[in-house]
Amino acid sequence: MAIVAIGIAMTMVSPFFFQAGNFLNVARAVAITGIVAAVSTPMLISGNVDLSVAATMGLSGMTAGALLVQELPVPVAILGALVVGLLMGFVNGVIVVKFRVNSLIATIGTAFIARGVAFVINSGRSVFIPAESYVNLGQGSALGIPKPVFYTVVAFAVIGFVMRYTKVGAHIYAVGSSPEAARRAGISVPKITWGVFLASGFFSALAGVVLTSQAGSAFPYGGQGRELEIIAAVIVGGTALTGGRGSITGTILGVVLLGIIANSLNLMGLPAPYQDISRGLLLVAAVATDQISGRTLGGRGVFRGLRAGTEEA
Amino acid sequence: MSVDRGQVVIEGIGLSKSYGPITALDNVDIEIRAGEITALVGDNGAGKSTLIKILAGAVTPDAGEIRINGETVVLRTPADARDLGIETIFQDLALAPDRDVVTNLFLGREVLRKGLGGKIGMLDRRAMEAQALTQIDALGVNIPRSTGVSIGEMSGGQQQSVAVARGAFWAKTGMFMDEPTAALGVRESSRVLQLARQIAGSGVAVVLISHILPHVMELADRVVVLRHGQKVAELTEDISMDRLVTLIVGVDANDAAT
């Protein structure tokens, strides 16, 4: 509903909005955020939150850049970045599962560490990426669709499939809904928790690879500040911060809606700070709606009406 | 079910458990029979829950032996007991409130698709829905038949009915109910107790822990009374309120072991 309304309003304001090229602009702009938003959905559904995703993007991007500068093959650089991501996920898992630290605090801590290491790698300087085949992964289009959008679609498809159709997905929902009930039902809460953190690290690293290949260089501050934007998109899409509820469909809508708003304000020529203001307003409105409708109608997010038919059963 | 009504299917011999200096259970023998409702009564701290937890694999006894269907078993986790067909229903619901009836009925024991789909962990949602609805209809429980309604949106009685239906679905040998009606109203309680009777009727050994003595007298085929961690009586007839109260509080401990 919200997307349709904004779409109509934008067409009236700017004739450019409803052109195919502009939709690709929106898709390209949200692609990298989308990859991480996809994996942050099961994270939130499991009752945890990972605030180290953006720092993992930066660190894994710097890792790939540093390996490429050493003239190592592109697959090795990508593998290195993904291993760094999995390592981040593993460490977060250790802190949350073994030391029973709240995931919010744990991942704020690891985010600082990862960001610091990203700066140390090349003494705070960015790395120009010499390998053309690496840069080609994220630049340009295939079949008329920007390449990063492909990766995002794959991430959404894979995670959406797992959440909706598999036993692992059912267990992630159960752990987030009631860890005690899940435990009593014989589900290993530590395994599920560790699993979502590993996935979070892996997809964040993937986003870091796409980010650096798109940019043609790796920045130690790559991805900085995106973690909040990502969580905002997931929450706007109706996933509960308290766990147990949410869907990938909702997150796709959340990501697209935030992208459309940013794009619309661009087309209207409004400067960036106004985008932040509108993003903030939308987040607050979405969560407030969820609270009100949750109490009276059993609602789930601003998209309840839109998603009623497709809701995860 | 090949076991006959009245046959001992779950047996505890000399079960003891201490927590530090506190003896929760002291050398208790118990026999639980198929098709019967065995009630476990006693004051707070008498050892009822400890005994149930030992037989359900949730607590490891310090001493004693457990036999299920005549075979000595070691129950390390509740999963071990579940694999032997023993289900436990708690007063605080062990359900995922954001999930629907079907998902909860199969929680941790999901049915996977056949072939390749199953190998990658794909759920057979259709099979689970069909089996869940059959179970709900067989028990005649009053819960929404439509899928997709989360448990949290149901009344307390309906939620407990889902928990009981789940227990009944998986219990092949025994079903333990620890204060199943503690959080329920009068009508909802009687519905849940009726379910317990129905489940026992199907040949399952039902164990009921309850503080509510009228329920116990109405339902139980056998009443086991615990006091200070010891078994003080096992009654199958002449179960009166006065007698139970006397045994539970131990006013006249000498006429106990009948």
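Notes on the structure follow. The model shown is predicted, which means the values in this text are computed figures rather than measured ones.

### Side note on the overall build of chain A
Helix and strand content of chain A: 14 helices and 4 strands. Within chain A, the fraction of its 313 residues that count as buried is 50%.

### Points about the pairing of strand S2 (residues 22-33) of chain B
One face of the sheet, then the other: side chains in a regular strand alternate in exactly this way. Residue and element names in this part refer to chain B. Taken together, the 8 bridges between strand S1 (residues 8-19) and S2 define a ladder with antiparallel strand orientation. Note that in S2 the partner of Ser-18 across the bridge is Thr-23. Between S1 and S2, which pair antiparallel and follow one another directly, the connecting turn spans 2 residues, one of which, Gly-20, has a positive phi of 60 degrees.

### Considering the interface of chain A and chain B
Of the residues lining the interface, 21 residues belong to chain A; the matching set on chain B comes to 21 residues. Elements represented by at least two residues in the side of chain A that touches chain B include exactly helix H8 (167-177) and helix H9 (179-184) of chain A. Residue contributions to the side of chain A that touches chain B peak at 6 residues, all from H8(A). For the side of chain A that touches chain B, the residue count by class is 10 nonpolar, 6 polar and 5 charged.

### Re the sheet that holds strand S10 (residues 230-235) of chain B
All names here are of chain B. Across the sheet, which stays open at both edges, the 6 strands sit in the order S6-S7-S8-S3-S9-S10 with mixed pairing between neighbours. Among the strands making up the open sheet, the edge pair consists of strand S6 (86-89) and S10. Between one strand and the next, the sheet's axes are offset by a mean angle of 20 degrees, whatever the strand orientation. As paired elements, strand S7 (residues 174-178) and strand S8 (residues 205-209) share 5 bridges and run parallel to each other.

### Considerations on the environment of Gly176(A)
Residue and element names in this part refer to chain A. Summarising the element assignment, Gly-176 is placed in helix H8. Residue Gly-176 is classed as buried on the basis of its 29 C-beta neighbours within 10 Å. Measuring from C-alpha to C-alpha, the distance between Gly-176 and Val-96 comes to 14 Å, with 80 residues separating the pair along the chain. Those residues in contact with Gly-176 that sit more than four places away from it in its chain are Ile-45, Ser-46, Gly-47, Gly-243 and Gly-244.

### With respect to helix H4 (residues 74-98) of chain A
Residue and element names in this part refer to chain A. In this model, H4 (25 residues) spans 35 Å end to end at C-alpha, consistent with the 36 Å of a helix rising 1.5 Å per residue. Within H4, the full set of buried residues consists of Ala-77, Ile-78, Ala-81, Leu-82, Val-84, Gly-85, Met-88, Gly-89, Asn-92, Gly-93 and Val-96. Buried positions along H4 lie against helix H3 (53-69), helix H5 (103-121), helix H6 (132-138) and helix H10 (189-215). Just downstream of H4 lies Arg-100, where phi reads positive at about 55 degrees.

### Some remarks on helix H7 (residues 186-201) of chain B
Three- or four-residue spacings in an α-helix give side chains the same orientation, since the helix completes a turn every 3.6 residues. All names here are of chain B. Between its first and last C-alpha atoms H7 spans 23 Å; for 16 residues at 1.5 Å apiece the expected length is 22 Å, and the two agree. Lining the buried residues of H7 we find strand S3 (37-41), helix H5 (125-139), helix H6 (156-170), S7, S8 and helix H8 (213-219). Positioned one or two residues after H7, Gly-203 has a phi angle of 100 degrees, which is positive.

### Here we look at the sheet that holds S2(B)
Residue and element names in this part refer to chain B. Within the open sheet, the 4 strands sit side by side as S2-S1-S4-S5. Their pairing is antiparallel. Strands with a single pairing partner mark the edges of an open sheet, and in this sheet they are S2 and strand S5 (71-73). Adjacent strand axes in the sheet meet at a mean angle of 25 degrees, parallel and antiparallel pairs treated alike.

### Some details on the pairing of S7(B)
Residues and elements named next belong to chain B. Of all 5 residues in S7, 5 are buried; the element is thus mostly enclosed. Covered by surrounding structure in S7 are Gly-174, Phe-176 and Asp-178 together with Met-175 and Met-177, the residues of both alternating faces. Across 4 bridges, S6 lies against S7 in parallel orientation. Across the sheet, the residue bridging to Ile-86 is Gly-174, located in S7. In this region the chain leaves S7, passes through H7 and returns to the parallel neighbour S8; the handedness of that crossover is right-handed.

The rules we used
- Residues numbered from 1 in each chain as written.
- Chains lettered and ligands numbered in written order.
- Predicted model: local features only at pLDDT ≥ 70, side-chain atom pairs only at ≥ 80, totals over all residues.
- Helix = DSSP H or I, 4+ residues; strand = E, 2+ residues; numbered from the N terminus.
- Buried ≥ 20, exposed ≤ 12 C-beta atoms within 10 Å, placed from the backbone.
- Pairing = 2+ DSSP bridges.
- Contact = placed C-beta atoms within 7 Å.
- Nonpolar A, V, L, I, M, F, W, Y, C, P; charged D, E, K, R; others polar.
- Axes fitted to C-alpha atoms, helices over the stretch in contact; angles between N-to-C directions.
- Expected span 1.5 Å × (residues − 1).
- Right-handed = clockwise from strand over helix to strand, strands pointing away.

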